Amino acid sequence: MTKHSEVGTVFQAERFGDFPTMKEALIARKIDATFMIVPLAMKLAADGVPVKIVYLGHRDGSALTVGIDSPFQEFKDLAGKRVAIPSRFSNQHLLMQRMLKKNGMAKDAITLVEMAPPEMPGALAAKAIDGYIVGEPHCATAERKGYGRVLFYMKDLWPDFISCGLVVRQELINDRPELVQELVDGIAASGLWLEEDVDDGAGHRKQAAEVVGKLFYNQDPALLEWVLTRPLDRVRYDDLLPPREKFDEIMDLAVEMSVIQKRMAFEEYCDTQFAPDLGAIRRVENFPPPDVAAKSDR
Amino acid sequence: MPELGPPFASRCGLAGALRSSPRMKLKIVLIGVAAFALLAYAHFKLNSGPSSRGSLEPEPNASASAQADRQPDKAREAFRVGFLPVT
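What you see is a predicted model; the values in this text were computed from it and never measured. (Residues numbered from 1 in each chain as written. Chains lettered and ligands numbered in written order. Predicted model: local features only at pLDDT ≥ 70, side-chain atom pairs only at ≥ 80, totals over all residues. Heavy atoms only, no water.)

Undergrad: Sorry if this is basic, but what is going on with the overall build of chain A here?
TA: What chain A contains, in helices and strands, is 13 helices and 11 strands. Computed over its C-alpha atoms, the radius of gyration of chain A comes to 19 Å, within 12% of the 19 Å expected for a compact globule of 298 residues. C-alpha extents for chain A along the principal axes are approximately 55 × 45 × 35 Å. Buried residues in chain A amount to 56% of all 298 residues. Once local pairs closer than 6 in sequence are excluded, the contacts in chain A between residues at least 24 apart make up 74%. (Helix = DSSP H or I, 4+ residues; strand = E, 2+ residues; numbered from the N terminus. Rg over C-alpha atoms; globule rule 2.2 N^0.38 Å. Buried < 20%, exposed > 50% of the residue type's maximum accessible area, 1.4 Å probe, protein only. Contact = heavy atoms within 4.5 Å.)

Undergrad: Even after reading the chapter, I still don't get unusual backbone geometry, so can you show me in this structure?
TA: Outside of glycine, negative phi angles account for most residues, and trans bonds account for most peptide bonds. All names here are of chain A. With an omega of 10°, the peptide bond running from E136 to P137 counts as cis. With respect to the helices and strands, the residue P137 is situated in the loop between β8 (131–135) and α5 (138–145). That bond from R230 to P231 is cis: its omega, -5°, falls within 30 degrees of zero. Its place among the elements puts P231 in the loop between α10 (221–229) and β11 (235–236). The phi dihedral of D60 is positive, around 60°, even though this residue is not glycine. Backbone geometry places A202, a non-glycine residue, at a positive phi of 55°. Among the structural elements, A202 can be located in the loop between α8 (177–196) and α9 (203–217).

Undergrad: Would you take a moment to explain the interface of chain A and chain B for this structure?
TA: How big an interface is tends to be expressed through the accessible area that disappears when the partners come together. Chain A puts 40 residues into the contact, and the matching count from chain B is 21 residues. Taken together, both faces of the contact between chain A and chain B bury some 2,700 Å²; the carbon and sulfur share is 59%. Linking chain A with chain B are zero salt bridges. The interface formed by chain A and chain B contains 12 residue pairs in polar contact (both at pLDDT 80 or more). Elements supplying a minimum of two residues to the side of chain A that touches chain B: β1 (10–15), α1 (19–27), β2 (33–37), β8, α7 (170–175), α8 and α9 of chain A. The biggest single contributor to the side of chain A that touches chain B is β1(A), with six residues. Looking at the side of chain A that touches chain B, its residues break down into 20 nonpolar, 11 polar and nine charged. (Buried area = accessible area lost by both parts, 1.4 Å probe. Salt bridge = Lys/Arg side-chain N within 4 Å of Asp/Glu carboxyl O. Polar contact = N/O pair within 3.5 Å; in protein donor to acceptor, adjacent residues only side chain to side chain. Nonpolar A, V, L, I, M, F, W, Y, C, P; charged D, E, K, R; others polar.)

Undergrad: Looking at this model, I keep getting lost on the nonpolar core. Mind explaining?
TA: Among soluble globular proteins, nonpolar side chains are generally buried collectively. Residues and elements named next belong to chain A. Membership of the largest hydrophobic core comes to 91 residues, with the highest contact counts inside it found for L64, F75, L166, F247 and Y269. Looking at this core, the element that brings in the most residues is α8, giving seven residues. Excluding residues that lie within four positions of it along the chain, F75 makes contacts with L64, M96, M99, L100, N103, M105, I110 and F152. Counting 13 residues, the second-largest nonpolar core is a separate cluster that includes L194, A208, Y217 and L224. (Core = buried A, V, L, I, M, F, W, Y, C linked by side-chain atoms within 4.5 Å.)

Undergrad: How should I be thinking about the packing of aromatic side chains in this particular structure?
TA: Note on aromatic pairs: each is described by the distance of the centres and the angle between the planes. The tally for this structure, following the rule as stated, stands at six aromatic pairs over all chains. On the numbers, 5.6 Å between centres and 70° between planes, the contact of A:W158 with A:F161 is edge-to-face. On the basis of an interplanar angle of 15° and a centroid distance of 5.7 Å, the ring pair of A:Y217 and B:F83 is categorised as stacked. Of the two residues, A:Y217 is situated in helix α9 and B:F83 in strand β1 (residues 78–83); the pairing between them involves two chains. (Phe/Tyr/Trp six-rings, centres within 6.5 Å; stacked < 30°, edge-to-face > 60°.)

Undergrad: For this particular structure, what's the right way to read the pairing of β2(A)?
TA: Two faces make up the sheet, and in a regular strand the side chains alternate between them. Residue and element names in this part refer to chain A. Most of β2 is tucked away, with four of its five residues classed as buried. Relative to strand β10 (residues 164–169), β2 runs antiparallel, the two being bridged by five bridges. Bridge pairing in β10 places A33 opposite V168. (Pairing = 2+ DSSP bridges.)

Undergrad: What should I look at first to understand the side chain of A:D60 in this one?
TA: All names here are of chain A. Mapped onto the fold, D60 is located in strand β4 (residues 59–60). Separated by 3.2 Å, the side chains of D60 and R236 make a polar contact. Each residue touching D60, except ones within four places of it in the same chain, is listed here: K155, W158, D160, F161, D233, R234 and R236.

Nothing here speaks to function; it is all geometry.
Next comes the structure, spelled out in structure tokens:
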């Protein structure tokens, strides 16, 4: 729900260019909630910032991209190379460490460099890095421009991969739980709508790409449509309840890598009380609203 | 109050007042104190508006994002949700 919605609270979307700035805004309460990479949210909670993960935004939707003419075919081929990650507090970083261990490689066998996601495609094109692992649409950007190719989709390396979750200030959970519930219901309803016709032309995903690209992401709608449809399970919007088992696995990895110093119980950083009954929530209808359609047609 | 010599008194232009009776001198002092108090009060009022509350309170800012330490206004309709344009 945004100012364009016909019903509900107005949720003002605030776009950030990097996670450190977003983190500071959440700490300073310049924003009340945000979609944030899960290990960073765990780290904030571990550091005493009163936040909780209440829902997910999507599943999968990340990939490891390399130069189109590069010789890399397997993970081991990246030994001695430079690969960009969005943050040391990202699941993409945890995945790289997981893969290094799984392939019997040393922890520093690949040079991992932190980089803001929007800068990664350009860095690959300039050959400043040999690859990058990040959420979409930054992987598709290199593909569509012809200088990159996907080496691995995260869904193939870590099934049901989790990247970002909805993180909410505890004050809002305590003082305005109805707002949090409204937001979560909206996310769940949007996810159902996006998945609804995925086997029947995926028209909803194409519509979403048009509106989101023009009004929120400031990205080419054709790029977003590529991400949402090639392949259709590149990003998924179902199964958004924070999974205890997966989160425990992420926590274990984060502690093992010293990303988080002390292991936390699931309830210390996650609050699943808002997970809705998917059969009972109000479904998305008449998307986009007329005024949004008019704006996105410009 | 010691008598001031003619040169000082003449420079100040208060010759007559300074040479006046003790009662008049007292009146002059009281008027001076009252004037000083009035000036101090005016200074305080002029400089005690919202922009000078000191470093403990945030500066009011037209930007919707400058609400570092305020409790959420329960009456407001909108609240801000951050995102990075990335999955």
